[in-house]
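Single-letter residue listing:
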Amino acid sequence: MTFGDYMEQVERDAREVIEEEAGWFNTWEDMYDALFIDDAVTGNGSGSYTFNASKAAESARGLVFDNDFIAEASAAGYGIELFAESPETVDVVARCLALGLVSNSLKKAYGSARAETVA
C-alpha cells in the first residue's frame, strides 16, 4: 500500500466508527483520542491493526520508498530505524500518521454525526 492508500483506508475506517459512536463523545478531541487508539482504525490500542504480521508486512511494504510517508514519519521524529521494527509497528505508525492528516475531514463528519445523535 502507498501512504495515500493508508490515508484512504484510515478515513474510511474512522468514518464507520464515527457514525457508530459519535453519540458517546461530547467533543471532537475526545472522539479523535478514541479513534487514535481504536484497533479498527489505527491498531494503536493493541499494537496491531491486522493481528497478523504477514498482512501487516504486505501492507507496509510500499512505505519503504514512499516519499510522503517518509516525510510525515520524519516530521514525527521517526528515522530509517522505524523499518527495523516489526511490520505491525510500521503499519500502526503509518495509520496513526494518516489519521492526523485526514482529521479535518473527519472532524466535519463527527460534527454531522453528533448533530444527528443529539437532535
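Each value, and the rule that gives it
- Residues numbered from 1 in each chain as written.
- Predicted model: local features only at pLDDT ≥ 70, side-chain atom pairs only at ≥ 80, totals over all residues.
- Heavy atoms only, no water.
- Core = buried A, V, L, I, M, F, W, Y, C linked by side-chain atoms within 4.5 Å.
- Buried < 20%, exposed > 50% of the residue type's maximum accessible area, 1.4 Å probe, protein only.
- Helix = DSSP H or I, 4+ residues; strand = E, 2+ residues; numbered from the N terminus.
- Contact = heavy atoms within 4.5 Å.
- Expected span 1.5 Å × (residues − 1).
- Bend = angle between axes of the 7 residues up to and from the residue.
- Axes fitted to C-alpha atoms, helices over the stretch in contact; angles between N-to-C directions.
- Parallel < 35°, antiparallel > 145°, perpendicular 65-115°, else oblique.
- Left-handed = near helix turned anticlockwise from the far one by under 90°.
- Nonpolar A, V, L, I, M, F, W, Y, C, P; charged D, E, K, R; others polar.
- Lys, Arg positive; Asp, Glu negative; His and termini not counted.
- Salt bridge = Lys/Arg side-chain N within 4 Å of Asp/Glu carboxyl O.
- Patch = residues over 30% accessible without salt bridge, like charges linked within 9 Å, V, L, I, M, F, W, Y side chains within 5 Å.
- Areas by Shrake-Rupley, 256 points an atom, 1.4 Å probe, with all protein chains shown as cover.
- Charge placed at Lys NZ, Arg CZ, Asp CG, Glu CD.

Undergrad: How do you make sense of the nonpolar core when you look at a structure like this?
TA: The nonpolar side chains of a soluble globular protein tend to be buried, and buried together. Counting 28 residues, the largest nonpolar core has F3, I18, M31, L35, L63 and F69 as the members making the most contacts within it. Among the secondary structure elements, those contributing two or more residues to this core are α1 (3-21), α2 (28-37), α4 (67-75) and α5 (87-118). It is α5 that provides the largest number of residues to this core, a total of ten residues. Among residues more than four places away in sequence, those in contact with L35 are A14, V17, I18, W28, V41, T42 and L99.

Undergrad: Can you help me understand α5 in this one?
TA: Side chains that are three or four residues apart share a direction in an α-helix, a result of its 3.6 residues per turn. The end-to-end C-alpha distance of α5 is 40 Å, clearly below the 46 Å that 32 residues give at a rise of 1.5 Å each. Maximal helix bending in α5 amounts to about 60 degrees, located at S103.

Undergrad: What exactly am I supposed to notice about the packing of α2 against α5 here?
TA: The axes of two packed helices give the description: the angle between them and the distance between them. Packing of α2 against α5 leaves a shortest axis separation of 11 Å and a crossing angle of 140 degrees. One element, α2, and the other, α5, form an angle in the oblique class. By crossing handedness, the relation of α2 to α5 is classed as right-handed. Across the interface between the two elements, W28, M31, Y32, L35 and F36 from α2 touch C96, L99, G100, S103, L106, K107 and Y110 from α5. Looking at the contact of α2 with α5 residue by residue, the classes come out as nine nonpolar, two polar and one charged.

Undergrad: Got a minute to help me understand the side chain of D38 in this structure?
TA: The topology assignment puts D38 in the loop between α2 and α3 (53-60). Of the side chains bearing the opposite charge, R95 lies closest to the buried D38, which forms no salt bridge; the N-O distance is 11 Å. Residues within four places of D38 in sequence aside, it is in contact with V17, G43 and N44.

Undergrad: Can you walk me through the environment of G45 in this structure?
TA: Relative to the helices and strands, G45 resides in the loop between α2 and α3. Sequence spacing of G45 and A34 is eleven residues, and the spatial spacing of their C-alpha atoms is 9.3 Å. Setting aside anything within four residues of it in sequence, one finds G45 in contact with I37 and D39.

Undergrad: Looking at this model, I keep getting lost on a negative patch on the surface. Mind explaining?
TA: On the surface, E16, E19, E20 and E116 cluster together to form a negatively charged patch. With three residues, α1 is the largest single contributor of residues to the negative patch. The exposed category is assigned to E19, whose relative accessible area is 64%.

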